[in-house]
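# Coordinate inspection notes
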Amino acid sequence: MMSKMAPLFALLVCCYVALISAELPATTIIKSYGYPCEEHLAPTADGWLLTMERIPHGRNNAKATKGVVMFQHGLTDTSVGVTLNNPTEGLPYLLADAGYEVWLGNNRGNGYSMNNTQYGQNTPQFWAFSWDEMAMFDLPGQIDYVLSVTGASTLSYIGHSEGTIQAFAGFMNSSVASKVNLFVALAPVAYVGNVGSPLLQAMAKFDADLIFELLGVREFDLPTAVGKFLPDICKLDPSLCVNVLNLLMGPSTNLNNSRIGYYLTYEPNPTSVKNMVHWAQMVRSKTYEKFDYGREGNMEHYGQPTPPAYDLTKFPTNLPVALFTGGHDYLADPTDVAKLISLLVTPPFVHDEPSYAHCDPIWAPDAATLIYPKIFELLSTYNH
């Protein structure tokens, strides 16, 4: 199938890049550190054009020699999140300098990927997605595009947060999984029944219809949601609201506090209200399943009264998986991660940092010494 699509993708390389009218912050940051960076638009089968950044090589090497690595961002994030630390600490820079070609993905509706060939941003249809669509369309669309541009047969996939929940679902499609030689999951998420996230816990108490009534059916804005579902929390504990991400992801003691203001210049980013409803549904149901439309809606969408579950016992046994977990992760809670691990037929590589929180794998300064060397070891084994 990919060989038949290759000419089309080759044509789209030129056409889609031309559609990006202004340089995105991630691109500007990458270039400011002296790295080459290109912006691309990857098409999906359902009509989205997803922005991707390509770092073709490092600062001191003229060509990548060690294969292709794709990074997929987390919840309410974009590709910019992983670029914010400096080159001695930031994962994409270290990868590029080590000889890898690096691609940064962006899920639909995140502020970077805002091109839909059928619907405008002011329509409800534009925002009618959750991570189900990210798994079904965004994941394979971006992987296929990267492989078509690079000519590689496979790539290594590194996901953080939401970039893992969509991957655990999407890689159950064997044709997608066959294009990946290694899946690295930072702050891995599938089940979220035990999250410590104050916002998701609060949203889980409400039915989907009421959440849509409170927030609308379009773009999800984190500060607005906090005001609706946690109206008094900033008065009761102002420290929680110094960094609004804490109310969704949980706090961290491993970040460089002098850089919090810098991070918040670029974070958080949009997603859809429907996507956040999906997360809240899973907190309440303690399941890893598709979006719940209610009995009648489920019959229409799925032909059954309940949403289908993603059965992790059917995850491909020949795809190497590495999990990097944290003991203080509010969104990838250790109990939920343990359930995920128990269901994978092939035991994954697991490395735990007991003090790590949800954003630490991409922002903690010591991730470059505690985590990334192990990722490089895995890449040297599986990315040929």
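Quick note: structure is the one above.
Scope of this entry: the structure provided in the associated data block. Keep in mind it's a predicted model, so treat the numbers as computed, not measured.

Attention now moves to helix α8 (residues 208–215). Inspection of α8 places A208, I211 and L215 among the buried residues, and these make up the whole buried set. Each buried residue of α8 lies within a common arc of 60 degrees when the element is viewed along its axis, so the set occupies one face. Among the exposed residues of α8, those pointing more than 90 degrees away from its buried face are D209 and E213. Along its buried surface, α8 packs onto α7 (198–203), β8 (219–220), α9 (222–229) and α13 (273–285). G216 sits one or two positions beyond α8 and adopts a positive phi of about 90 degrees.

For the rest of this paragraph, the subject is empty space enclosed by the protein. The full count for this structure, using the stated rule, is two cavities of 30 Å³ or more. In this structure, the largest cavity occupies an estimated 70 Å³ of space. Around the largest cavity, the lining residues are G74, L75, T76, D77, H160, L245, M249, E267, H358, C359, I362 and W363. Partitioning the lining of the largest cavity into residue classes produces six nonpolar, four polar and two charged. There is about 40 Å³ of room inside the second largest cavity. Together, H73, G74, T76, D77, N107, R108, N110, M134, E162, P270 and T271 line the second largest cavity. Looking at the lining of the second largest cavity residue by residue, the classes come out as two nonpolar, six polar and three charged.

Running from amino to carboxyl end, α8 crosses α13 at an angle of 145 degrees, the nearest separation of the two axes being 10 Å. Crossing geometry of α8 relative to α13 is assigned as right-handed. Facing A208, I211, F212 and L215 of α8, the residues of α13 in contact are V273, K274, V277, A280 and Q281. Looking at the contact of α8 with α13 residue by residue, the class counts come to seven nonpolar, one polar and one charged.

Residue position: H358 is located in the loop between β11 (349–353) and α16 (360–363). Side chain to side chain, H358 and S161 meet in a polar contact 2.8 Å long. Not counting chain neighbours up to four residues away, the residues in contact with H358 comprise H160, S161, A187, V189, M249, D329, L331 and A332.

In this structure the tally under the stated criterion is six salt bridges. When the shortest N-O distance is used, the salt bridge between D138 and R108 registers 2.7 Å. Here D138 is found in helix α4 (residues 131–150), whereas its partner R108 is found in the loop between β4 (101–105) and β5 (115–116), with 30 residues between them in sequence. In this pair, the class of D138 matches that of R108, namely buried.

As a further point, take the nonpolar core. F168, F171, F183 and Y288 are the most contacted members of the largest nonpolar core, which totals 119 residues. The element that contributes the greatest number of residues to this core is α4, accounting for eight residues.

When you tally the buried positions in strand β1 (residues 38–43), you get five out of six residues, the bulk of the element. Hairpin connection from β1 to strand β2 (residues 48–55): four residues lie between these consecutive antiparallel strands, with G47 at a positive phi of about 100 degrees.

Moving on, we get to the packing of α8 against α9. At a closest axis distance of 10 Å, the pairing of α8 and α9 adopts a crossing angle of 115 degrees. Between α8 and α9 lies a crossing whose hand is right-handed. Where α8 approaches α9, its residues I211, L214 and L215 are matched on the opposing element by T224, A225, K228 and F229. Its residues placed into classes, the contact of α8 with α9 shows five nonpolar, one polar and one charged.

Moving on: the layout of surface pockets. There is about 220 Å³ of room inside the second largest pocket. Lining the second largest pocket are 16 residues, with N243, N246, S252, L255 and I260 positioned closest to its centre.

The next subject is helix α15 (residues 334–343). Among all positions in α15, only D336, V337 and L340 are buried. Here the buried residues of α15 occupy an arc of 100 degrees about the axis, which is enough to place them on one side.

As a further point, take the packing of aromatic side chains. One pass over the full model with this rule turns up 25 aromatic pairs. An angle of 65 degrees between the planes, with centres 4.9 Å apart, marks the rings of F168 and F183 as edge-to-face. In this pair, F168 sits in helix α5 (residues 162–170) while F183 sits in strand β7 (residues 180–186), placing the two residues 15 residues apart along the sequence. F183 matches F168 in its accessibility class, with the two residues each being buried. In textbook terms, an aromatic cluster arises when at least three aromatic residues are bridged by ring pairs, as seen for Y157, F168, F171, F183 and F315. Taking NZ or CZ as reference, K274 lies 5.0 Å from the ring centre of F291, over its face. Looking at K339, its charged tip hangs above the ring of Y191, at a distance of 4.3 Å from the centre.

About the thresholds
- Residues numbered from 1 in each chain as written.
- Predicted model: local features only at pLDDT ≥ 70, side-chain atom pairs only at ≥ 80, totals over all residues.
- Heavy atoms only, no water.
- Buried < 20%, exposed > 50% of the residue type's maximum accessible area, 1.4 Å probe, protein only.
- Helix = DSSP H or I, 4+ residues; strand = E, 2+ residues; numbered from the N terminus.
- Arc of directions from axis to C-beta.
- Contact = heavy atoms within 4.5 Å.
- 1 Å grid on protein atoms, 1.4 Å probe; cavity = no way out; pocket = protein on both sides within 12 Å on 5 of 7 lines; lining within 4 Å.
- Points joined across faces, edges and corners; volume = space filled by probe spheres on them.
- Nonpolar A, V, L, I, M, F, W, Y, C, P; charged D, E, K, R; others polar.
- Axes fitted to C-alpha atoms, helices over the stretch in contact; angles between N-to-C directions.
- Left-handed = near helix turned anticlockwise from the far one by under 90°.
- Polar contact = N/O pair within 3.5 Å; in protein donor to acceptor, adjacent residues only side chain to side chain.
- Salt bridge = Lys/Arg side-chain N within 4 Å of Asp/Glu carboxyl O.
- Core = buried A, V, L, I, M, F, W, Y, C linked by side-chain atoms within 4.5 Å.
- Pairing = 2+ DSSP bridges.
- Phe/Tyr/Trp six-rings, centres within 6.5 Å; stacked < 30°, edge-to-face > 60°.
- Lys NZ or Arg CZ within 6 Å of the ring centre and 35° of its normal.

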